[in-house]
Amino acid sequence: MPEEATSLPSELEGATSLPSELEGATSLPSELTVKGLKINKGAEETMRELLRSLLESGKVSGVLALGRTGNAGGGVAYSLFTDPDAFRADGVAIPLLPFMPSNAGSLLSRLTLKGPPAKPVAAVIKPCELRAFIELVKLNQGSLDNLLLISSTCGGVYPLDLGVNGELGERLPQYWEAVKHGELDDQVRPTCLACAHFVPENADITVALMGEAELDAQCTLYLNTEKGAAFVDGVASLPSDVDGVASLPSDVDGVASLPSSEGGLESHLSGELETEAIQRSHSQRQVHQEALFAGVEVGLKGMIHTFGRCIGCHACKTVCPICYCRMCYFDSQGCEHSPEFYEGELERKGGVRVPSNTVFFQLGRLAHMSVSCVGCGMCTDVCPADIPVSTIFSKVGVAVQALFDYQPGRDVTEELPLRTFAEEELAQVAT
Amino acid sequence: MNDKDTTRHQAKRNTVLDPPCGALLPAEDGIEAAFVGWLKEALNRNIFDALLIPVEVPAEDSFAYLLLQDAAILESASPLPPVMPVQGGKAISRLTMRGNGNKRIAVVVRPCEARAAVELVKLKQAHLDNLWLITMDCPGALLLSDYLEDPAAGAARFAKAYADRRHPSEWDREPMRPVCQICNHFSLRQAPVSDLHIGTLGSSDGAVFIIPASPKGERILEDMDMPVDAALDSWAEQVEEAEQTQTERRRQAHTELRETITGPERLMDVFSNCINCHNCQRACPMCYCRQCYFESAALKLPPENYLARAEHKGALRFSPDTLLFHIGRASHMILSCVSCGACEDACPMDIPIAQVFSLLADRAQETLGYVAGGSLEEPLPLVAYEMDELHQVEQPYVEIYHKQEVQDA
């Protein structure tokens, strides 16, 4: 098997040296200029109010969002909430927390693998989780039907370590201070510092966070789809139209200031999502990305050097939202060899690593999923051997995606490059 | 019938390694160097055809099991590396799961890795006929994450912690993994499953014992022209003493741990940071299933199922079944758990999983009179049928239903 691996690096190097096309891939899609809806409540509070109202009114049957586990260490996990009280000020839900215990794209796939829910479910997720889910839908691993997808302009998430050692809570003030200024706390995942797609695509509702100086006191919701508008519109009518409103807490005023259904949405929309702060963050992250990618050791030698300490646990694959295969080839019978195989390799090479396929696994995974890699950083976070997996995979991903002029998660109708036949393409490889 | 029960319980007690004598290996220039030199000589003399041994990786930041037959590669071998990145039992299983090979291969592993290999043989996932297992008195291993922060410093910390190989009372167990700190199977005296054992404990200055633990091991020493005439009293004494200390430590640690995990609430708390990556299962040498039930199609359910469960409690952790996975895993592999700590090394959320499993393993194995990796002959408790056992579990059933059953009959 390793002999196949050795034939790959030259192609890899070629793929990673495409800076000119890289820029094209990171530019903002022009259609993201939807008008926003200003609300005189902080972003966190608005989210809680919105989600609570959606659950209470029965417009959604559940909400997938982050919540506190209630353990001593301040643990955080995704949960499927059905109880509206979780979103009260003292509730356990914390929808906008900059943390990613799992890529929610995988979770939405798990939720909708067997079909869409009968009643709508809302999900509050990061842009890369949303992009991962779009890819999974294209790969027939989930359904967008009856989901209300809510995302935000993202300031990155903290590595999992910080959720374990309790530092996460301590750093939050710093995080939000940075976000208000349109900056990133330098402790977020390296891949977040280098993220080119922190403005969500395909969200029904986008919460503006990056560069929103007043996000504690007011926030802007961008209603990108009719679905998003319809759900918020309903919430707006809640305080005046529905019985039982009296039981709502007094702090519901923020929601009350949403436009009423008769007024229509258009008249209340103002502002544009793509602000100066967003533009600035784009350029900053672009610089980060170049620096981060420059540190990757390329070629087979580089791969061996970097992945030499890999313990073969395949955790990177397990948490990767794109690696959806129930049985990976590298965990299958195909990779269970006879002792004679190892003896043959031994004769040929003088030494064989056991278990084998360390670099081959990474190359195989790259070949299978890099075109859909959303650069979420889960793989790096779970690696017990501290290998910067995500940096390497992002670098290859960006290059491969540029090669096919493809952007994972951009558009659910955009065909996966490996599934489309183009008579004339990749001429540079053919010659 | 009761006699049968007792016999089973005694089986493990009879397997204490107690050979009167071992061979002496001069080690003036350090134990590792002497051992590697000896392996090289054995390879050159065709005592065995190949070696499976931890070797430093090219970036010099970790170790990997390498199957080699070129004595030159042995230069970078490390018979007792500061970390255990891959459990040796797993490496042995990868190599021999499809049968015994044609080459005679010597395998250098830690005691817990040898014990895992023995369990894997019983589970039909490994074959040892053409392997020679060689183990060493083991001071433990560093946490992989600690070591990787600065491999050179880690190696130095490891070397310093047990600079005095001869006296375990001088070993500093503090830098080692928590589960290594409470290990009482660090030598092979209580579980002589290897063929040769390098005894550093109780050895005199400038030499270590090479202890034959099986007829295969005896033959190697014979072929190497090594007289087996060094008395092992000092080794046995030191091992026994350290075993007692370690067993007491283990008991204490388990008593404290038990407080923190008893009851569903506390157990849930311990595992509450789990992100469901199942990496504990992947690193575990005993979890050999190609497809874990918890990753199978059986648990992929329609959304209404999840929503109904969420409705029941107000919220459903997603993905669900986190605690169930750990309980399920424990019930499947706990009788074979060798407390090697691979699971804890692999956990990205720092859950003390190896410690919890070591407590469960001790209790479960004690209940069934079984020692994981204790001997190749002793059958796996779940495979062996015993007419009379576990009366403490079935008693309530007899009391409640027996009379009724007799009446009904």
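Residues numbered from 1 in each chain as written. Chains lettered and ligands numbered in written order. Predicted model: local features only at pLDDT ≥ 70, side-chain atom pairs only at ≥ 80, totals over all residues.

### Digging into the confidence of the model for chain B
- Residue-level pLDDT values for chain B average 91, and 95% of them are 70 or greater.
- Here residues 1–14 of chain B scores under 50 on pLDDT; set against residues more than four positions off or in separate chains, the count is 14 contacts. (pLDDT = per-residue confidence, 0-100. Contact = placed C-beta atoms within 7 Å.)

### Regarding the interface of chain A and chain B
- Each partner contributes to the interface: chain A provides 63 residues, whereas chain B provides 65 residues.
- The pairing of strand 9 (residues 351–353) of chain A with strand 3 (residues 63–68) of chain B spans three bridges and is classified as antiparallel. Each residue of the ladder has a partner; that of R353 of chain A, found in strand 3 of chain B, is L66 of chain B. (Pairing = 2+ DSSP bridges. Helix = DSSP H or I, 4+ residues; strand = E, 2+ residues; numbered from the N terminus.)

### What to know about the environment of G199 of chain B
Residue and element names in this part refer to chain B.
- By the secondary structure assignment, G199 is in strand 6 (residues 196–199).
- A residue is classified by how many C-beta atoms lie within 10 Å of it, and G199, with 28 of them, is buried.
- Separated by 176 residues in the primary sequence, G199 and A23 place their C-alpha atoms 9.9 Å from one another.
- Aside from chain neighbours lying at most four places away, what touches G199 is G22, D137, V208, F209, I211 and W235. (Buried ≥ 20, exposed ≤ 12 C-beta atoms within 10 Å, placed from the backbone.)

### What about the sheet that holds strand 2 (residues 50–56) of chain B?
- Spatial ordering of the open sheet is given by 9(A)-3(B)-2(B)-4(B)-5(B)-6(B)-7(B)-1(B)-8(B), a layout of nine strands whose pairing is mixed. Both outer strands of the open sheet, strand 9 of chain A together with strand 8 (230–231) of chain B, are each paired with one neighbouring strand and no more.
- The sheet contacts of helix 2 (residues 31–44) of chain B involve strand 1 (21–26), strand 2, strand 4 (105–108), strand 6 and strand 7 (207–212) of chain B, and relative to strand 1 of chain B the element is tilted by about 100°. (Axes fitted to C-alpha atoms, helices over the stretch in contact; angles between N-to-C directions.)

### Looking at the domain arrangement of chain A
Residue and element names in this part refer to chain A.
- As assigned here, chain A comprises domain 1 (2–26 + 295–430) and domain 2 (35–274).
- With 21 residues of domain 1 at the interface, the matching set in domain 2 holds 29 residues.
- Listing elements by their share of the side of domain 1 that touches domain 2, those giving two or more residues are helix 17 (378–382) and helix 18 (389–403). (Domains from an automatic or database assignment.)

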